[in-house]
Structure formats: C-alpha cells, structure tokens
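Below, each chain spelled out in residue letters.
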Amino acid sequence: MTVSRFPRALLIGLTVLVVACGDNGKEADKDSAAFSSTYQPAVSRPVLITNAHILIGNGEELMKGSVLMQDGLIAAVGEKIRAPRDTIEIDAKGKWVTPGIIDNHSHLGVYPSPGVNAHSDGNEMSSPVTAEVWVEHSVWPQDPGFAAALAGGITTMQILPGSANLIGGRSVTLKNVPSRTMQGMKFPGAPYGLKMACGENPKRVYGEGKGRAPGTRMGNVAGYRNAWISAQTYQKKLSAFAEGNGEAPDRDLSLETLAGVLNGEILVHNHCYRADEMAVMIDLSKEFGYKISSFHHAVEAYKIADLLAESDTCASMWADWGGFKMEAFDDVRENIPMVAKAGACAIVHSDSAVGIQRLNQEAAKAMAAGQRVGIDFDEAEAISWLTRNPAKSLGIVEKTGSLENGKMADLVIWNTNPFSVYAQAERVYIDGVLTYDRYNPAHQPVSDYVLGHRAENGGAE
Amino acid sequence: MSKPIIAAVAIAAATALVSTTAYADVIAIKDATVHTMGSGGTMENATILIEDGEVTAVGSDVQIPSGATVIEAKGKIVTPGVFDTVSTLGVQEVGAVDSTNDYQGSVASGPAFKVVDGFNPRSPGLIANRIEGVTRGFLMPRPNEEGHILAGTGSVVHFGSVDDYIVNENAAVVVYLGERGAAMAGGSRGLATLKLREALNDAEDYRDDRDGYDSGSSREMSLGKSDLEALQGVIRGKTPLIAVVDRAADIEAVLKLAREFALELVIYSGAEAWMVADKIADADVTVVLNPLQNLPSQFESLNSTFDNATRLNVAGVNIAFAHTDSHNPRNLTQLAGNAVANGLPWDVALRAITVNPADLFGGSADCCAIEPGHRADLVVWPADPLEVTTFADHVFINGERIKMKSRQTMLRDRYLDLEGKLPFAYRK
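Residues numbered from 1 in each chain as written. Chains lettered and ligands numbered in written order. Predicted model: local features only at pLDDT ≥ 70, side-chain atom pairs only at ≥ 80, totals over all residues.

Engineer: If you had to explain the overall build of chain A to someone new, which residues and values would you point to?
Structural biologist: Secondary structure summary: chain A contains 13 helices and 16 strands in total. Structurally, chain A occupies a C-alpha span of about 65 × 55 × 50 Å along its principal axes. Of all 461 residues assigned to chain A, the portion counted as buried reaches 55%. The contacts of chain A with a sequence gap of at least 6 include a subset with a gap of at least 24, amounting to 69%. (Helix = DSSP H or I, 4+ residues; strand = E, 2+ residues; numbered from the N terminus. Buried ≥ 20, exposed ≤ 12 C-beta atoms within 10 Å, placed from the backbone. Contact = placed C-beta atoms within 7 Å.)

Engineer: Summarise the domain arrangement of chain A; cite the residues concerned and give the values.
Structural biologist: In terms of domains, chain A is made up of domain 1 (1-31) and domain 2 (100-402). Between the C-alpha centres of domain 1 of chain A and domain 2 of chain A the distance comes to 28 Å. (Domains from an automatic or database assignment.)

Engineer: Summarise the domain arrangement of chain B; cite the residues concerned and give the values.
Structural biologist: All names here are of chain B. Each domain of chain B was delimited in the assignment, giving domain 1 (1-81 + 368-397) and domain 2 (82-188 + 233-363). Look at where the C-alpha atoms of domain 1 and domain 2 centre, and you get two points 28 Å apart. Each residue belonging to the side of domain 1 that touches domain 2 can be placed in one class, and the counts come to twelve nonpolar, three polar and two charged. (Nonpolar A, V, L, I, M, F, W, Y, C, P; charged D, E, K, R; others polar.)

Engineer: Go over unusual backbone geometry, please, and point to the residues and values.
Structural biologist: Cis geometry is adopted by the peptide bond preceding Pro114(A), which originates at Ser113(A) and carries an omega value of -5 degrees. One can find Pro114(A) in the loop between β6 (101-106) and α4 (144-151). Pro214(A) follows Ala213(A) through a cis peptide bond whose omega is 0 degrees. Relative to the helices and strands, Pro214(A) resides in the loop between α5 (200-210) and α6 (217-242). Positive phi, normally seen in glycine, also occurs at Ala298(A), with a value near 40 degrees. One non-glycine residue, Asn45(B), lies in the positive phi region at around 45 degrees.

Engineer: Just give me the short version of the nonpolar core, but keep the residues and values in it.
Structural biologist: Counting 257 residues, the largest nonpolar core has Ala315(A), Val339(A), Val78(B), Val175(B), Ala243(B), Ile267(B) and Ala336(B) as the members making the most contacts within it. Among all residues touching Val339(A), those that are not within four sequence positions of it are Ala301(A), Tyr302(A), Ala305(A), Leu308(A), Ala315(A), Ala344(A) and Ala346(A). (Core = buried A, V, L, I, M, F, W, Y, C linked by C-beta atoms within 7 Å.)

Engineer: If you had to explain the interface of chain B and chain A to someone new, which residues and values would you point to?
Structural biologist: Contacts between the two partners involve 34 residues from chain B, matched on the other side by 43 residues from chain A. Take the side of chain B that touches chain A: its biggest share by element is five residues, from helix α11 (residues 332-341) of chain B. The residue makeup of the side of chain B that touches chain A, split by class, is 18 nonpolar, 14 polar and two charged.

Engineer: Describe in detail the environment of Val446(A), supporting the description with residues and values.
Structural biologist: Turning to its location among the elements, Val446(A) is positioned in the segment after β16 (433-437). Counting along the chain gives 268 residues from Val446(A) to Pro178(A), while the straight-line C-alpha distance between them is 8.6 Å.

Engineer: So what's going on with the confidence of the model for chain A? Which residues, and what values?
Structural biologist: Taken as a whole, chain A shows an average pLDDT of 92; of its residues, 92% reach a score of 70 or greater. Low pLDDT, under 50, characterises residues 1-31 of chain A; the predicted model gives this stretch 44 contacts beyond four residues in sequence or across chains. (pLDDT = per-residue confidence, 0-100.)

Engineer: Go over the confidence of the model for chain B, please, and point to the residues and values.
Structural biologist: In this model, chain B carries an average pLDDT of 93, and 94% of its residues clear a pLDDT of 70 or more. ipTM for the predicted complex: 0.93, alongside a pTM of 0.93.

Engineer: Can you lay out the sheet that holds strand β10 (residues 241-245) of chain B for me, pointing to particular residues and giving the numbers?
Structural biologist: Residue and element names in this part refer to chain B. Overall, mixed pairing links the eight strands, which are arranged β6-β7-β8-β9-β10-β11-β12-β13 in an open sheet. The sheet is open, and its two edges are formed by β6 (82-87) and β13 (319-321), each paired on a single side. Averaged over all pairs of adjacent strands, the angle between their axes in this sheet comes to 25 degrees, without regard to strand direction. One ladder, built from three bridges, connects strand β12 (residues 286-289) with β13; its direction is parallel. Across the sheet, the residue bridging to Val 288 is Ala 320, located in β13. (Pairing = 2+ DSSP bridges. Axes fitted to C-alpha atoms, helices over the stretch in contact; angles between N-to-C directions.)

Engineer: Tell me about the sheet that holds strand β12 (residues 314-317) of chain A, residues and numbers included.
Structural biologist: All names here are of chain A. Here eight strands make up an open sheet; going across it, the order is β6-β7-β8-β9-β10-β11-β12-β13 and the pairing mixed. Bordering the open sheet on either side are β6 and β13 (346-348), each of which pairs with just one other strand. Sheet twist, expressed as the average angle between the axes of neighbouring strands with direction ignored, equals 25 degrees. Alignment of β6 against strand β7 (residues 154-159), held across four bridges, turns out to be parallel. Across the sheet, the residue bridging to Asp 103 is Met 157, located in β7. Strands in contact with helix α11 (residues 359-372) are β6 and β13; relative to β13, the strand with the most contacts, it is inclined by about 135 degrees.

Engineer: Summarise the packing of helix α3 (residues 178-185) of chain B against helix α4 (residues 189-208) of chain B; cite the residues concerned and give the values.
Structural biologist: Residues and elements named next belong to chain B. Where α3 meets α4, the closest approach of the two axes is 7 Å, and the angle between their N-to-C directions is 80 degrees. Considered as vectors, α3 and α4 are oriented roughly perpendicular to each other. Facing α3, whose interface residues are Gly 181, Ala 182 and Ala 185, α4 presents Arg 189, Leu 191, Ala 192 and Lys 195. Tallied by class, residues from the contact of α3 with α4 come to four nonpolar, one polar and two charged. (Parallel < 35°, antiparallel > 145°, perpendicular 65-115°, else oblique.)

Engineer: Describe the pairing of strand β8 (residues 150-158) of chain B, and please don't skip the residues or the numbers.
Structural biologist: Residues and elements named next belong to chain B. In terms of burial, β8 is largely enclosed, as nine of its nine residues are buried. Taken together, the four bridges between strand β7 (residues 134-139) and β8 define a ladder with antiparallel strand orientation. Following the sheet pairing, Gly 137 is matched in β8 by Val 157.

What follows is the structure, given as structure tokens:
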C-alpha cells in the first residue's frame with residue numbers, strides 16, 4: 001500500500017489529501033501512532049490553594065489569591081473562589097504560587113546521570129544531517145535528573161538532540177512525570193520540534209573532527225540549504241500525488257521530518273549564539289518558507305533583539321553563561337531583559353541537568369541585572385520567561401504555561417518568592433496531581449537507578 | 001618607532017602617580033552592617049576606614065577624618081571579598097580556544113607545573129568577575145592524559161592589580177585520585193595509589209640524599225628533579241596536598257595515606273564526604289565542595305546530596321565552596337545561598353566563600369577578615385550578598401578600589417538602546 005508511506009504529520013498539513021484519501025487516511029493515522037503518548041494523569045480530588053501570592057504567568061499577579069484545580073485543569077483563579085464539597089484546601093499564607101516551570105532545552109534522559117559513555121545518546125554524530133532520528137528513542141526515563149528537576153518545579157521539558165549536527169533530529173516534549181516508558185511521559189498533543197545548530201559545533205565535529213563537510217560556517221549554511229531543497233522536492237511529490245499526479249515518493253524518514261517543518265507542524269529549535277548568524281538563519285527560514293520557533297543559547301540576542309521581535313522568533317537564553325567558546329564570548333548579564341524589552345519572546349533555558357533545577361534563580365539574576373540598567377521587569381513579568389514563553393516556543397501555550405482557566409493544572413507552591421535564592425518548591429502539581437512534596441517522602445519519586453545505591457534511601461550501607 | 005614607547009612610559013608614570021595619590025586618601029565606608037568574619041563578628045551601623053589600602057578602623061564609634069572619601073553605606077552590607085577556591089581566572093580566557101588556556105598542559109607534566117606562570121592579570125574574564133566581588137583565588141592546575149596524577153602546584157593570587165598579585169606561590173599541590181586518577185594512572189585506583197606512593201617515597205629519598213641524586217648515584221626515581229623539589233613542602237606537611245576524590249571509600253583511602261606520610265590533606269570535590277564526615281573531622285581535614293552537587297553524575301558520586309555541606313558542618317568539618325563553572329566564580333554567592341536554603345547557617349556559608357579558603361591556602365595573614373591591620377579586601381553590597389538579585393556596589397582588592405567596568409558592561413551599554421543615533425561601532 002503506497003498510502004502507508006504517509007505519516008499523519010504530513011496529512012494534517014495537506015487537508016485536501018486527507019479528504020481525498022478517505023479510508024487510506026485512517027491507515028496513515030495508525031501508522032504515525034507509533035510511539036504516541038500513553039500518559040494519563042491519575043484521578044485527583046479538586047485542590048483549592050488560598051491566600052497565596054500568585055504569579056499567573058501572563059504578566060499579572062494576585063497578591064493574595066486562590067487557585068482551584070479540578071479534573072486536572074485550572075478551574076478558577078481569583079481573590080475568592082467557591083470550591084466543590086470534596087475539595088482539598090491548602091492555606092498558602094506567605095507562600096507563592098507559579099505555573100509549572102517549563103524548560104525548553106534539556107538533555108535529560110539522553111545524557112543522563114551517571115554520565116558514562118554507555119549513556120551518551122544525545123548526538124547522532126554519524127552525519128551532519130540526521131533529520132531521521134527522533135530523540136525520544138534515546139530517552140532513558142530512569143535518569144535521576146528528572147526527579148531532581150521536579151524538585152525545582154519543572155513540570156514540562158523539551159528534550160533535544162545535541163548540537164553536533166546541522167540538523168540533529170526531532171525533539172520531544174515531556175511532562176515531568178515518573179514513568180517506566182518514554183511514552184508514559186510524552187506531552188499529549190505537543191508538536192514535535194526539529195533541532196538545528198549553527199556555528200562552531202557542526203564545523204568542529206565534521207570539518208575538524210572527521211575531515212568532511214561542513215568545515216566552515218558557509219559550509220554549514222550550504223548544508224542546511226541542500227537539506228531544505230531535498231525537502232521541498234519531496235513535499236512537491238507528495239502534493240502532486242495527493243492531487244492525483246504521479247507516484248507517491250518512497251517513504252523517507254529524514255525528508256518526512258523536514259517536510260513536516262515546511263508544513264508548519266514541526267517547530268524549529270535552532271542552537272545559535274552569534275547575532276550575525278541568527279540574522280542569516282532568519283533569512284534562510286524565509287528562503288524556504290518555514291519559521292524558527294526559537295533560537296537557543298542566543299548569547300548575542302541582545303544585539304539583534306529588534307530582528308527577533310520583528311520575525312516573532314523566541315530566544316532561549318542563560319542568565320550568565322558565556323566565555324566557554326568564541327561564539328559565547330560576548331555574553332552580557334542583561335541579555336534576557338534586553339530581549340524582552342525589545343518586545344521579543346524571551347525564555348530562560350537550562351541545557352543542563354544542574355541548571356534545570358534552579359531556572360527560577362536564573363530568571364531572578366536576569367531580572368535583577370535588567371533592573372540595574374533601568375529595564376524594570378518585575379516578578380509577574382519575569383515568570384513568563386520560564387512559563388508562558390517556553391510554552392509558546394513549544395506550541396503548547398494553549399495547554400499550559402500560565403494559570404488560566406481550562407489550562408492543565410501544572411503549578412508550583414514555593415515557600416517564598418521564587419526570585420530568591422532561598423526559595424524552594426514545596427509542592428509541584430502536574431495535571432492537578434501532587435507529583436512532588438518536599439516534606440513527604442511518599443511524594444518524592446526515586447528512579448530505579450538510584451534505588452539501592454543511595455545510602456539515604458536505604459541502600460549502600 | 002620610539003614615539004609609542006615614550007607614550008606608553010608616560011602613561012605608566014601617570015598611572016603610578018594616580019594610584020599613589022589614591023593611596024594617600026582615606027576612604028570611609030559609613031554606617032554599614034559589617035560581617036568582619038574575624039574577631040569583630042558582625043557589627044551594625046559600623047564605619048570602616050581604609051588608609052593606604054589598609055583597614056585602620058572598624059566599628060560603630062569610628063571618627064571619619066575630614067577630607068575622607070565617604071561611601072554612604074546605610075542599610076548596606078560589607079563582607080570580605082569572595083575567594084575563588086578552584087580558579088581558572090587569568091589562566092583561561094575562552095574555554096574552547098586552546099591558545100588562551102594555561103591551566104592545563106597537554107604533555108607529560110607533574111607537581112612542578114605552576115599555573116601561575118601563565119597568569120594574565122589583565123584578563124577580561126577576570127575583570128568581569130572581580131567587579132562582582134571576586135577578589136582572590138587559588139589557581140588550580142588541571143591534569144591531562146599524558147601527565148602525572150600529581151598535576152601541579154597551585155598558587156593564590158589576588159585580582160586587584162597587574163603587579164605583585166601573587167599571594168602564595170606554593171599554596172598547594174594537587175593530586176587526582178578516584179575515577180580520573182585511576183584513568184590517568186593506567187586504569188585502576190590501585191595504580192594511582194601506587195604512583196602517589198612512589199612519588200612520595202622518591203621525594204623523601206631525594207630529600208635525604210640530594211647529592212646522590214645530583215651525582216647520579218641514587219636509585220632511579222619516578223619523577224624528575226623539579227618535581228621532587230615541588231613535593232618537599234608536601235612531605236614536610238607544610239604545603240597542603242589537595243586530593244581530588246568523591247567516593248566515600250576513596251576519601252577513606254586517602255585519609256589513611258595522609259596519616260601514613262603525615263601530609264596536610266585537603267579533600268576537593270568530596271561528593272560523598274558526608275558519609276565519612278566523622279573520620280574527616282577526626283583527621284582535621286578541610287573539604288572543598290560544590291554544595292549544589294546533588295546528581296549521581298558518576299559512579300564515584302552516587303551519594304551526592306544537597307545535604308553534604310550541612311552534614312559536614314554539623315560533624316565539625318571545615319568547609320570551603322568551589323564552583324564548577326570556570327567563567328562564573330561570581331556565582332559562588334549563589335552556591336552559598338543555596339547551601340543556606342538547604343540548612344547551612346548563613347555565616348558558615350559566607351565563611352565558606354571568603355575567609356575559609358583564604359586561610360586554607362595560606363599567605364593571607366594580612367587578609368581577609370575585615371580587621372585593623374589587614375589589607376582592604378572587601379565588598380559593599382546593597383543587600384544580602386548571598387541573594388541572586390544582589391550585585392556588588394563597591395569592590396576593594398588588596399587595598400585598591402576597583403573600577404566597576406568590564407568588557408561585558410561595555411557591550412551591554414553599546415546595545416542598550418537599539419534605536420540610538422550613533423552606529424553601534426562608534427559607541428564606546
């Protein structure tokens with residue numbers, strides 16, 4: 001059957017085709033259902049949090065407010081809320097509530113702890129364009145880093161392939177819920193992402209490391225363009241076939257993913273440090289008619305914040321990392337607030353199993369650095385850098401990223417202002433389910449790997 | 001040809017003149033909360049007088065001489081400068097550009113390798129950190145695959161001037177044990193221990209018969225002359241030996257070896273130190289650790305926990321903090337703040353990033369607690385220095401007041417207004 005060559009991702013974009021194919025379309029659906037999410041939140045009683053300082057995630061805050069979570073969703077946010085009879089009520093006097101933190105740049109599960117070679121599953125360094133790989137096939141759900149991130153309030157994260165390749169493969173968005181399988185963590189309905197990388201890494205790995213293209217930045221760009229040209233040709237064949245002309249092309253994993261980007265169904269996440277290179281990548285995206293959802297690392301984003309705002313491209317950044325390579329040499333502490341000030345979508349990301357545990361502190365450093373130079377974002381605005389904005393970059397902002405009615409009940413109760421070094425996440429709810437409680441070991445997940453190893457958990461001695 | 005040289009000399013002379021003038025001035029930091037980290041404890045509404053770079057008075061009843069430069073510090077906090085315990089400032093500029101890295105070689109080297117010989121006090125990365133309160137550090141040699149597990153001799157420097165920055169040249173010798181040391185020594189911890197023993201035995205025999213060594217009549221040694229010399233302080237128990245170890249069993253093994261050779265041991269990294277805290281306390285050994293190391297990132301650090309610092313402190317172990325982000329020792333305050341969030345008393349956390357490491361590596365007898373007779377090596381903060389939203393207002397290093405400007409602040413200022421009139425390249 002030729003039709004089974006089509007993944008659903010392509011069909012969704014080509015409405016005509018779906019209608020024309022009838023039953024065949026269904027078969028295609030089944031085909032792409034491979035690896036689909038099996039995540040089902042546990043049934044939870046309604047929870048009402050009262051008297052909390054609430055950062056909503058959309059730029060607003062309530063100094064003394066309530067949130068009601070019901071059936072896994074945010075049911076109400078306000079000064080006073082009436083709750084159903086069986087509601088668990090939590091008096092959060094003196095505490096702060098924020099949306100669950102979202103890290104759109106993580107390698108948890110693909111570069112897990114312990115960091116031994118046998119666990120190194122994040123970079124398919126066998127060819128500079130590996131659009132055919134899906135990072136979800138590398139994710140090890142037993143990485144102890146997931147639970148550590150949960151204790152830092154992380155409820156959703158995008159797992160990306162590394163940056164060795166020009167095109168590194170598909171990303172996956174996961175909910176930070178303990179599970180035996182990757183599918184059990186997969187964010188239902190989240191679009192896939194595509195990892196691309198600019199600059200030093202690809203040319204070093206291939207040119208310097210393997211003596212093959214790309215060996216320069218111009219070689220990098222030629223590599224992307226060749227890949228997109230192939231994808232366009234593939235897409236044209238698909239369209240022609242859908243219109244009843246010619247043969248369907250053979251199924252090609254790599255081109256399927258790239259065509260998914262051209263159709264707007266797969267979101268581009270582009271590792272890129274330098275301002276001038278980001279400008280080139282924006283032009284490249286225009287040449288081939290796709291959109292860059294977010295630049296990642298974007299150490300020089302502050303130099304072209306206006307271009308980012310214009311093209312509606314997010315920049316996912318660190319608060320203060322830099323200096324470790326040439327393209328990271330112009331880091332400034334004010335990068336994030338300077339991008340936000342220009343009206344662009346600013347995001348705090350981690351790229352680190354350590355940093356992901358304290359994204360709130362990274363946002364605090366960036367916010368305070370901005371305030372020093374008169375960029376006066378407060379906590380209510382700055383929280384969006386690690387909630388709403390990353391959700392937007394992942395295509396899930398309708399579902400999570402702020403405490404608004406009907407969104408997933410992903411939220412964190414902090415013991416104090418989360419923009420303080422002394423703040424700790426006390427409770428983390430995912431889809432209304434208490435997934436982490438700092439004071440109750442029964443609500444603290446422990447990975448298989450850690451079990452029996454750690455002295456604290458009854459192992460070792 | 002000669003003109004530029006003359007100009008340079010003239011500038012140097014002018015600079016010297018200015019700094020001499022500055023020395024003659026008296027600076028008064030007025031009405032601050034001062035955490036002296038010394039015999040004075042914490043003082044409220046206190047004034048610090050700095051004369052010729054030296055603290056001459058600290059207290060709430062200090063008279064400010066007329067003509068003094070006054071820094072109003074009501075509601076502000078003064079602490080000793082932050083000590084970068086495992087530093088690469090000035091010996092590493094761009095991590096991935098080898099030509100800018102001098103903290104590590106790529107050929108066979110041993111304990112005589114001195115990182116400080118490649119120190120650049122004008123490093124932009126150093127300046128970016130010192131304006132945030134990092135005033136001195138221990139330049140730690142790192143090993144390479146060709147080299148000895150005794151990786152080199154580290155030095156203490158201050159970051160305040162381009163001259164006389166060395167505080168203690170032979171501050172400590174570093175040995176890599178654990179997984180890294182095992183890999184370097186040939187694939188087994190046993191081989192690493194053997195190498196260390198051989199080196200220590202050789203250093204002792206060399207000490208006892210230098211003439212024999214020089215005339216070629218002594219037995220064959222595992223190290224060359226300069227390396228054997230570099231170990232003399234270590235075998236005398238004068239120069240600390242920093243052992244890089246994480247696993248509890250590795251810590252126990254090196255404690256034993258240190259006792260056998262009467263070494264002044266320091267444990268660095270120490271992810272599982274809390275499990276053998278009592279033994280470390282009994283041996284009076286300091287642990288240098290990263291309080292945010294909580295992941296089982298290697299097999300040797302399976303029992304990493306946020307509680308490490310707290311438990312060591314409760315057991316009476318002296319601790320100092322080290323970061324693992326080469327370009328961001330300025331975040332040591334953040335590490336300390338997190339340690340407090342995880343149960344460590346605030347003043348112990350502050351000690352762990354200031355006076356504890358300064359004392360540990362020696363050469364800082366006139367530093368770093370804020371006391372009369374000490375060099376001014378201190379920071380004025382607008383609020384709690386351990387808080388992530390706090391940035392230093394004023395920094396003094398070894399008596400010099402630091403200009404609060406770096407390449408990073410200049411880049412920021414250039415791009416702060418994207419619609420400004422001048423083209424970017426003309427904004428300086």
